[in-house]
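# Tertiary structure, described
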Amino acid sequence: MTKFKFSVGPWNVHEGADSYGPATRKTIPIEEKFKKFAELGFSAVQFHDDDAVPNINDYTEEEIKEKARELKKTLDKYGLKAEFVAPRLWMDEHTMDGGFMSTSKEDRDYAMWRAYRSIDIANELGTDMVVLWLAREGTLCAESKSPVWATKMLIEAINKMLEYDPKIRVCIEPKPNEPIDRSICGTMGHVMAISAATIDPSRVGGNLESAHAILAGLDPAHEIGFAMAMGKLMTVHLNDQNGIRYDQDKSFGVENLRAAFNQVKVLKENGYGSHGEYVGLDVKAMRTTKDEDSYKHLENSLNIFKALEEKVERFDYDFQKKCVENRDFEALEMYVMNLLMGID
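The structure reproduced in this document is the subject of the present report. (Residues numbered from 1 in each chain as written. Predicted model: local features only at pLDDT ≥ 70, side-chain atom pairs only at ≥ 80, totals over all residues. Heavy atoms only, no water.)

### Focus: the overall build of the chain
Using the following cut-off: For the purposes of this entry, the term helix denotes a DSSP run of H or I that reaches at least four residues, the term strand denotes a run of E that reaches at least two, and both are numbered from the N terminus. Radius of gyration: C-alpha atoms only; globule rule: 2.2 Å multiplied by the number of residues to the exponent 0.38. Relative accessibility decides the category of a residue: with a 1.4 Å probe and only protein chains considered, values under 20% of the type maximum give buried, values over 50% give exposed, and everything between is partly exposed. In what follows, residue pairs with any heavy atoms lying within 4.5 Å of each other are defined as contacts. Computed with the Shrake-Rupley method and a 1.4 Å probe, the accessible areas treat only the protein chains shown as cover for residues. In this tally, Asp and Glu contribute negative charge and Lys and Arg positive charge; neither His nor the terminal groups of the chain are included. Here the site of a charge means NZ on Lys, CZ on Arg, CG on Asp, or CD on Glu.
Scanning the chain from N- to C-terminus turns up 12 helices and 10 strands. Relative to its length of 344 residues, the chain is compact, with a C-alpha radius of gyration of 20 Å against a globular reference of 20 Å. With respect to the principal axes defined by its C-alpha atoms, the chain has extents near 60 × 45 × 40 Å. Classification of the 344 residues of the chain by burial places 52% in the buried group. A sequence separation of at least 24 residues applies to 77% of the contacts in the chain between residues at least 6 apart. Surface summary for the chain: the accessible area is close to 16000 Å², and the carbon and sulfur share equals 51%. Across the chain, the centroid of the 44 positively charged side chains sits 2 Å from that of the 58 negatively charged ones.

### Let's talk about the packing of aromatic side chains
Let me state the cut-off plainly: Here is the rule: rings of Phe, Tyr and Trp (six-membered ring for Trp) pair when centre to centre is within 6.5 Å. Planes less than 30 degrees apart are stacked, more than 60 are edge-to-face, and the remainder are tilted.
Tallied over the full model, the rule gives 13 aromatic pairs. Measuring from ring centre to ring centre gives 6.1 Å for Phe-252 and Phe-305, while their planes differ by 40°; the resulting arrangement is tilted. Here Phe-305 lies in helix α10 (residues 296–314) and Phe-252 lies in the loop between β9 (233–238) and α9 (257–269), a separation of 53 residues in the sequence. Note on accessibility: Phe-252 and Phe-305 belong to one class, buried.

### Some remarks on the nonpolar core
Rules: Residues belong to one nonpolar core when they are buried, are Ala, Val, Leu, Ile, Met, Phe, Trp, Tyr or Cys, and are joined through side-chain atoms within 4.5 Å.
Residues Phe-47, Phe-100 and Leu-233 are the most contacted members of the largest nonpolar core, which totals 86 residues. With near-sequence residues (within four places) excluded, Leu-233 lies in contact with Met-188, Gly-206, Leu-208, Ile-224, Ala-227, Met-228, Leu-267, Tyr-272 and Glu-277. Counting residues in each nonpolar core, the second largest holds 6 residues, with Ala-86, Met-129, Val-131 and Met-234 among its members.

### Side note on helix α12 (residues 329–341)
What counts, and what does not: One less than the residue count of a helix, multiplied by 1.5 Å, gives the span that helix is expected to have. Along the arc lie the directions from the helix axis toward the C-beta atoms.
In a regular helix each residue adds 1.5 Å, so 13 residues correspond to 18 Å; α12 covers 18 Å between its end C-alpha atoms and thus fits that length. Within the sequence span of α12, burial applies to Leu-332, Tyr-335, Val-336, Leu-339 and Leu-340. Projected down its long axis, α12 shows its buried positions confined to an angular sector of 130°, all on one face. Two residues or fewer past α12, Gly-342 is found with a positive phi of approximately 75°.

### Regarding the pairing of β9
Short version of the rule: Here a strand pair is declared whenever DSSP counts at least two bridges between the two strands. Seen with its strands pointing away from the viewer, a crossover is right-handed when the path leading from the first strand over the helix to the second is clockwise.
Counting buried positions along β9 yields 6 of 6 residues, so the element is predominantly enclosed. Examined bridge by bridge, strand β8 (residues 204–209) and β9 share 4 bridges and lie parallel to one another. Opposite Leu-208, over in β9, you have Val-236 as the bridge partner. Note that β9 and strand β10 (residues 279–281) share 3 bridges and pair parallel. Across the sheet, His-237 pairs through a bridge with Gly-280, a residue of β10. Since β9 and β10 lie parallel, the crossover through α9 that links them has a hand, and here it is right-handed.

So this is what it looks like as structure tokens:
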């Protein structure tokens, strides 16, 4: 039995369209996704603001809250919680040059409106966390905005969120690039610095996504460990990535099994989940996946995580200690490989 609780987003079951080709699968209604998530063993759902309230721009603040309350009833029906709400600021015409650090004040104001509505939705869904994936917060042209000014704009925006709701927690999901050329907040180290500069650092932390760390040339387990050492890891997005290229959101552990093992290991060793944290997945099915297999990548990711959790439980810490004392890292490394390969 796993000791962790898992979350997933409705976008993780999608139609297969990408930048180079159309959809390859049928759209699945969101309530049908909720039902299947619960059957698979997920405990919570991750939301963008417009997952929770489609066409969010068309409604008043009160109408948005009412629609969120209706969504809460549907989640309750399947025994699911909401883990967080994230403003989807990268898909609107107002945010083509960023949201919080757009060069247009009108567009910055719009980004704050979406952030406030995300907080309202979070409150109605019973969660105290808003996640910021800063997709377009950076530059397309390096000389278009000062990184000093842009960083200050991000801190100002987070401060406004903290002032808007004294209970809300703001969780930054760092990524070094894509769709932006140069991100302002690309790694967990950047997140820690931003957090420290806000009016309430205790309510600002990070969401480590495996693929984003790999895109930055970093080790996901070390990024997780760094955030945990600072008491700042609010959630994770586990997936996998084949090298430093476009963001792939592959099933957890399918490319870098040892790295996946170490992510599970650092989470388990340091009590992740003891304060209610979820192990979040952010994985996508291959375009070739058939309609009837639309959830297989989620099942695979869960099974790999749980298998690695069992490997961590079997890890011989006495042998590790002996290897470290003797500086026999060749033996330790081979022990880990044998453990992963199932060789006694």
